[in-house]
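# Reading the structure
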Amino acid sequence: MVSMSIPSRATLVEHLVRARIAGDVATPRDNNLDHYRRLANGDRHYWLGLELGDRWADEQDVLAVMAERCGVSDDPEHRHGQDTIDPELTVDGLERMAARLRKAAEGQERVLFATGHPGGLLDVHRATAAALRAAGCDIVVIPGGLRTSEGMVFQFADVAMLERGATLWHTHSPEPMTVILDGLEREGSPLPDLVVADHGWAGCAAQRGLDSLGYADCNDPALFIGEAEGTMQVTVPLDDHVLDPRFYDPMTAYLLDAAGLTP
């Protein structure tokens, strides 16, 4: 569990900027715009498991959503250099996520955790899972022996991840979540009431009609579009892989406190 003190909102905002979880982030502007363009052009790799049809074929519409919900620059002429995530939007997202986690705890719901960013977000998910278990939730155990085209789907510290070559693997693919949900149905286990994830793991769950909460970087617009359309329950904007995963600890502490999950 998170062992540090719980920051105030103002202190957390300052920390997010200092740690470059938000504010001036490492993801460059040209990378952001390239991903927005690819999503608009129908490249499903960038849809993160969501079905967007032809509703977002104009990359300027994608940029507008990202400016509103993530805090990137809304200037279409800003093509290179620094881009930003608004830390106030990050904390707003954490508070929306906390409200849904509180509901899960009150209802002792069945919750599945997964990450495509184990190098950054594993412990955020692990701590949240531990807090929900302590509150009486049933943390979903995934079926064994699941495989995708990229590797094996394992569960470590209550969090589902992709493993390949004895290494936890970074992936945007929705395929691992697909095989988990199909595997649960195949063995007759109930599906989760709630999924807390990122990347295609979160998008796939949302597209399958499950309540899905996700973290997303400013170069991954699909989950923000999913929330705008009402498919995703919550998308929290942040840099999803900063230099030290411990930098996320104050954010996790704030989230769990806002959800009423701090002992």
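Shown above is the structure to which this text applies.
The following refers to the structure shown.

Calculation criteria
Residues numbered from 1 in each chain as written. Predicted model: local features only at pLDDT ≥ 70, side-chain atom pairs only at ≥ 80, totals over all residues. Heavy atoms only, no water. Pairing = 2+ DSSP bridges. Helix = DSSP H or I, 4+ residues; strand = E, 2+ residues; numbered from the N terminus. Buried < 20%, exposed > 50% of the residue type's maximum accessible area, 1.4 Å probe, protein only. Right-handed = clockwise from strand over helix to strand, strands pointing away. Salt bridge = Lys/Arg side-chain N within 4 Å of Asp/Glu carboxyl O. Axes fitted to C-alpha atoms, helices over the stretch in contact; angles between N-to-C directions. Parallel < 35°, antiparallel > 145°, perpendicular 65-115°, else oblique. Left-handed = near helix turned anticlockwise from the far one by under 90°. Contact = heavy atoms within 4.5 Å. Nonpolar A, V, L, I, M, F, W, Y, C, P; charged D, E, K, R; others polar. Arc of directions from axis to C-beta. Polar contact = N/O pair within 3.5 Å; in protein donor to acceptor, adjacent residues only side chain to side chain. Disulfide = S-S within 2.5 Å. Core = buried A, V, L, I, M, F, W, Y, C linked by side-chain atoms within 4.5 Å.

### Quick look at the pairing of strand E6 (residues 152–156)
In terms of strand pairing, strand E5 (residues 146–147) meets E6 through 2 bridges, oriented antiparallel. By the bridge assignment for E6, Arg-147 is matched with Met-152. Of the pairings in the sheet, the one linking E6 to strand E7 (residues 159–164) comprises 5 bridges and is antiparallel in character. Each bridged residue has a counterpart across the sheet, and for Met-152 the counterpart in E7 is Glu-163.

### Regarding the pairing of strand E9 (residues 194–198)
In terms of residue burial, E9 counts as a mostly covered element, since 5 of its 5 residues are buried. Side chains Leu-194, Val-196 and Asp-198 of E9 all project onto a buried face; the interleaved residues Val-195 and Ala-197 project onto the opposite face, where all are buried too. Pairing analysis gives 3 bridges linking strand E3 (residues 110–114) to E9, with the strands arranged parallel. Each bridged residue has a counterpart across the sheet, and for Phe-113 the counterpart in E9 is Val-196. For E9 and strand E10 (residues 211–216), the ladder comprises 5 bridges, and the chain directions are parallel. Its bridge partner lying in E10, Val-195 is registered against Ser-212. Taken together, E9, helix H7 (residues 199–207) and E10 form a β-α-β motif whose crossover is right-handed.

### Re the pattern of salt bridges
The final tally for this structure, using the stated rule, is 20 salt bridges. The partner of Glu-229 in a salt bridge is Arg-55, and the shortest N-O contact between them spans 2.7 Å. With Glu-229 in helix H8 (residues 222–229) and Arg-55 in the loop between helix H2 (29–40) and helix H3 (59–69), this residue pair connects regions lying 174 residues apart in the sequence. With a relative accessible area of 43%, Arg-55 lands in the partly exposed category. A cluster of three or more residues bridged by salt bridges with shared partners is formed by Arg-9, Glu-88, Asp-92 and Glu-95.

### Some thoughts on the packing of helix H1 (residues 9–18) against helix H4 (residues 87–106)
Across the interface, H1 lies against H4 with an axial gap of 9 Å and an inter-helix angle of 125 degrees. In this view, H1 runs oblique relative to H4, as classed from their interaxial angle. Here H1 runs over H4; the crossing is right-handed. Residues Arg-9, Leu-12, Val-13, Leu-16 and Val-17 of H1 lie in contact with H4, whose contacting residues are Pro-87, Glu-88, Thr-90, Val-91, Asp-92, Leu-94 and Glu-95. Among the residues making up the contact of H1 with H4, the classes are represented as 7 nonpolar, 1 polar and 4 charged.

### Thoughts on H3
Within H3, the full set of buried residues consists of Val-62, Leu-63, Val-65 and Met-66. Here the buried residues of H3 occupy an arc of 160 degrees about the axis, which is enough to place them on one side. Close packing links the buried residues of H3 with H2 and H8. Remark: Gly-71 follows H3 within two positions and exhibits a positive phi of approximately 95 degrees.

### A few points about the environment of His-35
In this structure, His-35 sits in helix H2. Under the relative-accessibility criterion, His-35 is labelled buried at 9%. Put simply, His-35 and Leu-255 are 220 residues apart on the chain and 29 Å apart in space, counted from C-alpha to C-alpha. Non-local contacts of His-35, meaning those with residues more than four positions away in its chain, are made with Tyr-46, Asn-219, Asp-220 and Pro-221.

### Focus on the side chain of Ser-212
Relative to the helices and strands, Ser-212 resides in strand E10. At 2.9 Å, the side chain of Ser-212 forms a polar contact with the backbone oxygen of Ala-202. Here Ser-212 is in contact with Val-195, Ala-202, Ala-205, Ala-206, Met-232, Gln-233 and Val-234, once residues within four sequence places are set aside.

### With respect to the state of the cysteines
Applying the stated criterion across every chain yields a total of 0 disulfides. Cys-218 provides the cysteine sulfur closest to Cys-70, a residue in no disulfide bond, and the two sulfurs are 5.2 Å apart. Residue class for Cys-70 comes out buried when judged on its relative accessible area of 0%.

### Examining the nonpolar core
Most often, soluble globular proteins keep nonpolar side chains buried together rather than apart. Leu-101 and Tyr-215 are the most contacted members of the largest nonpolar core, which totals 85 residues. For this core, the element with the most residues is H4, which contributes 7 residues.

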